[in-house]
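Architecture at a glance
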Amino acid sequence: MVTTYQPKNSYFTPERVQKSVKDLITTCYKDREQMLTHYTYLMDAYEKDTENTALLQEATKTLNVIIKSTEKIVKLLDMVSKHLDKSDESDDFDKLNIDTKSLQSFLDQYSN
């Protein structure tokens, strides 16, 4: 019979939230670096063939991805810092006053 895992501590301790946020930021940085490399490649190819507008369009799309990855980081940090109650240093997530629905909706929105 399968049993549901019940952790000894809350899923949303500050340490776990911090690790999740750090992992998301690291992923966004990696995405940004890959897109910067891709953008550089496309612009070099466009300089060799200036009549190929498809390269310029792809470079523009790549810049949009770079901007969105930066916006994700800013939005995530803003959301977490806005909801942290700095006067309470408890390990209980509920006492930190972080809205779990907004955190989950953010994660769902940017997981793709």
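For the structure, check the block above.
Residues numbered from 1 in each chain as written. Predicted model: local features only at pLDDT ≥ 70, side-chain atom pairs only at ≥ 80, totals over all residues. Heavy atoms only, no water.

**Observations regarding the overall build of the protein chain**
As a reminder of what qualifies: Each helix is a run of H or I in the DSSP string that is no shorter than four residues. Each strand is a run of E no shorter than two, and both are numbered from the N terminus. Burial classes follow relative accessibility: with a 1.4 Å probe on protein chains only, a residue under 20% of its type's maximum area counts as buried, one over 50% as exposed, and anything between as partly exposed. Whether two residues are in contact is decided by their heavy atoms: any pair within 4.5 Å suffices. Surface accessibility follows the Shrake-Rupley procedure with a 1.4 Å probe radius. Residue values consider only the protein chains on display as shielding.
Broken down by element type, the protein chain carries 3 helices and 0 strands. Every one of the 112 residues in the protein chain was classed for burial, and the buried ones make up 22%. Considering only intrachain contacts with a sequence separation of at least 6, the fraction spanning at least 24 residues in the protein chain is 57%. Per element, the accessible surface of the protein chain, about 8800 Å² overall, is 53% carbon and sulfur.

**Side note on the pattern of salt bridges**
The condition that has to hold: Each salt bridge in this description consists of a side-chain nitrogen of Lys or Arg and a carboxyl oxygen of Asp or Glu lying within 4 Å of one another.
For the structure on display, the rule yields 2 salt bridges. When the shortest N-O distance is used, the salt bridge between Lys19 and Asp23 registers 3.0 Å. Of this pair, Lys19 and Asp23 both sit in helix α1 (residues 14-48), 4 residues apart, which is roughly one turn of that helix. Here Lys61 makes a salt bridge to Glu58, at a shortest N to O gap of 3.5 Å. With Lys61 and Glu58 both in helix α2 (residues 53-83), this residue pair falls 3 residues apart, about one helical turn. Taking relative accessible area as the criterion, Glu58 reaches 35% and is therefore assigned partly exposed.

**Here we look at a nonpolar patch on the surface**
So the rule is basically this: Exposure above 30% relative accessible area and the absence of a salt bridge qualify a residue for a patch, where like charges join within 9 Å and nonpolar side chains (Val, Leu, Ile, Met, Phe, Trp, Tyr) within 5 Å.
Nonpolar side chains collect at one region of the surface, where Tyr5, Tyr11 and Phe12 lie side by side and expose about 360 Å² of accessible area between them. Take Tyr11: it is sitting in the segment before α1.

**A look at α1**
Formally: The length a helix should cover is 1.5 Å for every residue beyond the first.
Look at α1: 51 Å from first C-alpha to last across 35 residues, which is about the 51 Å you get at 1.5 Å a residue. Of the positions making up α1, those classed as buried are Val17, Val21, Ile25, Cys28, Leu42, Ala45 and Tyr46.

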